[in-house]
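Next come the chains, spelled out residue by residue.
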Amino acid sequence: MTNRGYNDVIHVKGIVIMWYIIPKEDHHQSLRMKRFLIAWASYLMWMSLIWYCYIQGIFRMNLRDTLLIFSFVMLMNLGLYVVFRTGLNKLRPDPSLTLLQMSLATVWIMIVAYHLNEARGIMLLLYLVVFIFGAFRLNLRQFIILSLFATLSYGLVILLLIDNHPEVINLHVELLYLVILSAVLCWFSFVGSYINTLRKKLSKANSELHDAMETIRQKAIHDDLTGVYNRGYLFQILGREKSLADRGGPVFSLCIFDLDDFKKVNDTFGHHAGDAVLKTLSRIIKENMRQQDYIARYGGEEFVLILAYPDMRDAQKCVERIRILLSQAMFPDLPGDYSVTASMGLTRYRVGETIDSLLVRADNALYRAKRSGKNNLVCEPALSLNPAA
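First, a word on what this report is: a plain description of the structure on this page.

Rules and cut-offs
Residues numbered from 1 in each chain as written. Predicted model: local features only at pLDDT ≥ 70, side-chain atom pairs only at ≥ 80, totals over all residues. Heavy atoms only, no water. Patch = residues over 30% accessible without salt bridge, like charges linked within 9 Å, V, L, I, M, F, W, Y side chains within 5 Å. Areas by Shrake-Rupley, 256 points an atom, 1.4 Å probe, with all protein chains shown as cover. Salt bridge = Lys/Arg side-chain N within 4 Å of Asp/Glu carboxyl O. Helix = DSSP H or I, 4+ residues; strand = E, 2+ residues; numbered from the N terminus. Buried < 20%, exposed > 50% of the residue type's maximum accessible area, 1.4 Å probe, protein only. 1 Å grid on protein atoms, 1.4 Å probe; cavity = no way out; pocket = protein on both sides within 12 Å on 5 of 7 lines; lining within 4 Å. Points joined across faces, edges and corners; volume = space filled by probe spheres on them. Core = buried A, V, L, I, M, F, W, Y, C linked by side-chain atoms within 4.5 Å. Contact = heavy atoms within 4.5 Å. Phe/Tyr/Trp six-rings, centres within 6.5 Å; stacked < 30°, edge-to-face > 60°. Lys NZ or Arg CZ within 6 Å of the ring centre and 35° of its normal. Axes fitted to C-alpha atoms, helices over the stretch in contact; angles between N-to-C directions. Parallel < 35°, antiparallel > 145°, perpendicular 65-115°, else oblique. Nonpolar A, V, L, I, M, F, W, Y, C, P; charged D, E, K, R; others polar. Pairing = 2+ DSSP bridges. Right-handed = clockwise from strand over helix to strand, strands pointing away. Disulfide = S-S within 2.5 Å.

Things to note about a nonpolar patch on the surface
Taken together, the side chains of Ile-122, Leu-125, Leu-128, Leu-176, Ile-180 and Val-184 present a nonpolar region at the surface, about 530 Å² in accessible area. At 3 residues, the largest contribution of residues to the nonpolar patch is made by helix H7 (residues 171-221). By secondary structure assignment, the location of Leu-128 is in helix H5 (residues 126-134). Leu-128 sits in the partly exposed class, given a relative accessible area of 32%.

Below you can see the structure in the form of structure tokens.
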């Protein structure tokens, strides 16, 4: 077995099993697990202090009962770990199980306090360790409930000591401990709930900032009018696809197309109708492209398609299908018999060439399509949809 951070790699009969102490697939669950493991480490510190008190003779439990208490604590934490690791905690309103864990810690502290002698008051400082964890999740009401539980449980310890071990208790001092414990926990309840409120506000602000940054990022790479990628992001895509192709990856095809006589649409029906045409055509193309292909607005009524077909004939079929769909599209702001067509130039990337060279070849094919009567597709090099041709 080898350890790599939180990962355990277990070899069983030649089979490698990867097991994670902290789950990696769920960020929120990972945070809960980390907090739980910190709490478990706090229990280890607590047991070390109890063991020291036992050695010094100020802990009244015998060795067997002391080790039994330690065993119960470890089993309890192991059970909680299983609950977290299996995801059963996510069935609860509070998946962190904060109030449950703090209540259990309170019980263990009171058990220890009952069996301590003169160090009992100092051991109550462990309550601050417990309450710190509440700042992650608890609100003021939950803090107050836990404070009342702690105060009442320590009051029960005092009553049990008076009844069973009056020789180890100074009632005036114990009452002072009780009053101080109640006051400190009450104060901590307000501070802890305030910290939790600030944490929630900060988390919300971070989430809103993340959403705002994502919105800005999307606006930076998309054309405002049509929603397709803009010219700047087009060149980023081309740079990435070129690098992949130059390193032996799949070679892509590129198509530049331009709407025929689009100025006539704007002059006759207005720019609002022209904008509607651009948006409608962009939507049609996006709905009829694969996820691994791209469309970007090159400028005005000119667009670029980046097609990841292994065979250029497949890219040609795709572009031809889009050309036909565009010519058959209907537009609410235009007369029913008015059609908008596109001239298209298609080429294929040649490994090692520049992006400018690729665009020039596609642009030349586009102009040949324009000169040949518009509403046409020209390929560079020339292809036929018939493979035998």
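Observations concerning the layout of surface pockets
Any space left empty among the atoms is revealed by the rolling of a water-sized probe across them. Computed from the structure, the largest pocket encloses a volume of approximately 290 Å³. Every residue along the wall of the largest pocket is listed here: His-28, Leu-31, Arg-32, Arg-35, Pro-95, Ser-96, Arg-137, Arg-199, Lys-200 and Ser-203. Only helix H1 (27-55) and H7 provide two or more residues apiece to the lining of the largest pocket. Ranked by residues supplied to the lining of the largest pocket, first place goes to H1 with 4 residues.

Description of the nonpolar core
Trp-46, Tyr-127, Phe-131 and Tyr-154 are the most contacted members of the largest nonpolar core, which totals 41 residues. Taken together, the elements giving at least two residues each to this core come down to H1, helix H2 (63-86), helix H3 (98-115), H5, helix H6 (140-164) and H7. Here this core gets 8 residues from one element, more than from any other, and that element is H3. In contact with Tyr-127, not counting residues within four places along its chain, are Thr-106, Ile-109, Met-110, Ala-150, Ser-153, Leu-181 and Leu-185. Core analysis: the next-biggest nonpolar cluster, separate from the first, contains 34 residues, Val-265, Leu-281, Leu-305 and Val-319 among them.

Looking at the packing of aromatic side chains
Tallying each qualifying case throughout the model produces 14 aromatic pairs. Seen from their ring centres, Tyr-127 and Phe-131 are 6.1 Å apart, and the 70° between their planes marks the pair as edge-to-face. Pair noted here: Tyr-127 and Phe-131 are both in helix H5, with a separation of 4 residues, about one helical turn. Tyr-127 sits in the buried class, given a relative accessible area of 1%. When the ring of Phe-131 is compared with that of Phe-143, the centres are 5.9 Å apart and the planes differ by 35°; the resulting orientation is tilted. Note that Phe-131 is positioned in helix H5 and Phe-143 in helix H6, a separation of 12 residues in sequence. As far as burial versus exposure is concerned, Phe-131 and Phe-143 are alike and both buried. Sitting over the ring of Tyr-114, Arg-60 keeps its end group 5.4 Å from the ring centre.

Considerations on the pattern of salt bridges
Side-chain pairs of opposite charge can arise where the charged atoms are in close proximity. Tallied over the entire structure, the rule returns 16 salt bridges. Note that Asp-267 and Lys-263 form a salt bridge whose closest N and O atoms lie 2.7 Å from each other. Of this pair, Asp-267 and Lys-263 both sit in helix H9 (residues 262-269), separated by 4 residues, roughly a single helical turn. By relative accessible area, Asp-267 is classed as exposed at 53%. Its relative accessible area of 59% is what places Lys-263 among the exposed residues.

Topic: the packing of helix H8 (residues 231-246) against helix H12 (residues 355-371)
Between H8 and H12, the least distance of the axes is 11 Å, while the angle of their chain directions is 110°. Overall, the two elements H8 and H12 adopt an arrangement that is roughly perpendicular. Of H12, the residues touching H8 (which contributes Phe-235, Leu-238 and Lys-242) are Ile-355, Leu-358 and Leu-359. A breakdown of the residues in the contact of H8 with H12 according to their chemical character gives 5 nonpolar, no polar and 1 charged.

Some words on the pairing of strand S8 (residues 377-380)
Bridge count between strand S7 (residues 342-348) and S8: 4 bridges; the pairing is parallel. Looking at S8, one finds that Leu-346 is bridged to Cys-379. The handedness of the S7 to S8 crossover, carried by H12, is left-handed.

Here's the deal with the state of the cysteines
Here the structure, examined in full by the defined rule, presents 0 disulfides. Unpaired in terms of disulfides, Cys-318 finds its nearest cysteine sulfur in Cys-255, a separation of 8.8 Å.

Some words on the environment of Tyr-154
By the secondary structure assignment, Tyr-154 is in helix H6. Given the relative accessible area of 0%, Tyr-154 is considered buried. For the pair Tyr-154 and Thr-280, spaced 126 residues apart in sequence, the C-alpha separation works out to 73 Å.

A look at empty space enclosed by the protein
Counting across every chain of the model gives 1 cavity of 30 Å³ or more. Volume-wise, the largest cavity comes out at about 350 Å³. In this structure, the largest cavity is lined by 22 residues; those nearest its centre are Ala-39, Tyr-43, Ala-105, Val-130 and Phe-133. Among the elements that line the lining of the largest cavity, the one with the most residues is H1, at 8 residues.

What to know about the environment of Leu-67
Take Leu-67: it is sitting in helix H2. Relative accessible area serves as the criterion here: at 41%, Leu-67 is assigned to the partly exposed category. Between the C-alpha atoms of Leu-67 and Gln-292, which are 225 residues apart in sequence, the distance is 62 Å.

All we've got here are geometric facts, nothing functional implied.
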